[in-house]
Amino acid sequence: AVYDYNIPADYAVGGWLSGKITATLGEYKGNKQLTVVDWSEVTFKTPVTVESPWVGAAIENGVTYYLYNVKSNAFLKGGNDWGTRASFGEDAVAFVAEGSGNVYGLKSTYGSYLGDGLYVDQAKKDFVFDEVGEGIYTIAKDGAYVGYDGGNVVVTAAEANDGSYWQLLTKE
C-alpha cells in the first residue's frame, strides 16, 4: 500500500523539514517500516546560525523578553522621537509576549505595545515570529521583516536578511 503523510510543522529537526512524503508500508526483519518513495513535496530549511554572546529562548505567552538584534549587536529600545521609536542600543526595553503559536503582540515596560511605525507607545499589533535557527527568529508585521540596516532605528524590509535575525533573551 502507498500512503501520503503530511509532516507536522513542528516535527523533524525543530521544524526544518515540512511538506508531504509518499511512502510504502512494509516489514523488515519483523518490524514495520515506512519506505519513502517520493520527497518532491518536502521543503528543507537550513537552520540559521549566528555568532552571539547570548543564547536565545523560545517564544511563549506571558514571558518577558529583551530583543537582541544579532547583526547590530544591540537591543531593541525606545529612542529617537521622544524615546518612543524602536531603536538600537546597549540598554533594552523589556517586552511581554502576548499571543500563541507564532503570532504575538509585544507589550513594553511602558505599558503600551510595539506597534504602528515601529514605535513602542502604540496599541497592540501582532507580529509573526518565525524560528529560523535554534533560538533565532525573524519578526514580521504585515509581510515586512523587522530588522537592522546599519542605522540606529529599527526598520522593516520586504525580505528577510542577516539584519532581521533576533534572539529573545530572558533574565535567566
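Located above this text is the structure these notes cover.
Residues numbered from 1 in each chain as written. Predicted model: local features only at pLDDT ≥ 70, side-chain atom pairs only at ≥ 80, totals over all residues. Heavy atoms only, no water.

A. Inspection of the pairing of strand 6 (residues 85-89) at higher detail. Across the five residues of strand 6, four count as buried, placing the element largely inside the fold. The pairing of strand 5 (residues 74-79) with strand 6 spans five bridges and is antiparallel. Its bridge partner lying in strand 6, Lys 77 is registered against Ser 87. (Buried < 20%, exposed > 50% of the residue type's maximum accessible area, 1.4 Å probe, protein only. Helix = DSSP H or I, 4+ residues; strand = E, 2+ residues; numbered from the N terminus. Pairing = 2+ DSSP bridges.)

B. Representation of the packing of aromatic side chains in the model. For the coordinates displayed, the defined rule picks out seven aromatic pairs. A ring pair is formed by Phe 88 and Trp 166, whose centres lie 6.0 Å apart and whose planes are at 20 degrees; its orientation type is stacked. Residue Phe 88 is found in strand 6, and its partner Trp 166 is found in strand 13 (residues 166-169); the two are separated by 78 residues along the sequence. Taking the relative accessible area as the measure of exposure, Phe 88 reaches 11% and is therefore buried. Taking relative accessible area as the criterion, Trp 166 reaches 0% and is therefore assigned buried. When the ring of Phe 129 is compared with that of Tyr 137, the centres are 6.3 Å apart and the planes differ by 75 degrees; the resulting orientation is edge-to-face. No difference in accessibility class separates Phe 129 from Tyr 137, as the two residues are buried. Of the aromatic side chains, those joined through ring pairs into one cluster are Trp 54, Tyr 68 and Phe 75. (Phe/Tyr/Trp six-rings, centres within 6.5 Å; stacked < 30°, edge-to-face > 60°.)

C. Just the environment of Asp 149, in detail. Along the chain, Asp 149 turns up in the loop between strand 11 (144-147) and strand 12 (155-157). The spatial distance from the C-alpha of Asp 149 to the C-alpha of Trp 39 is 37 Å, given a sequence separation of 110 residues. Only 3.2 Å separates the side chain of Asp 149 from the backbone nitrogen of Gly 151, close enough to count as a polar contact. (Polar contact = N/O pair within 3.5 Å; in protein donor to acceptor, adjacent residues only side chain to side chain.)

D. Representation of the nonpolar core in the model. Judged by nonpolar contacts, the single largest core of 23 residues is most densely connected at Leu 67, Leu 76, Leu 114 and Phe 129. Contacts of Leu 67, omitting those with residues within four sequence positions, involve Ala 74, Phe 75, Leu 76, Phe 95, Leu 106, Ile 139, Trp 166, Gln 167 and Leu 168. (Core = buried A, V, L, I, M, F, W, Y, C linked by side-chain atoms within 4.5 Å. Contact = heavy atoms within 4.5 Å.)

E. The environment of Gly 163, seen in detail. Topologically, Gly 163 is positioned in the loop between strand 12 and strand 13. Gly 163 sits in the buried class, given a relative accessible area of 0%. In the structure, Gly 163 is positioned 120 residues away from Thr 43 in sequence and 24 Å away in space, judged by C-alpha atoms. Not counting chain neighbours up to four residues away, the residues in contact with Gly 163 comprise Asn 69, Lys 71, Val 146, Gly 147 and Tyr 148.

F. Expanded view of unusual backbone geometry. A positive phi angle, near 55 degrees, is found at Asn 73, a position not held by glycine. Within the element layout of this structure, Asn 73 appears in the loop between strand 4 (64-69) and strand 5. Take Asn 73: its relative accessible area is 51%, and that puts it in the exposed class.

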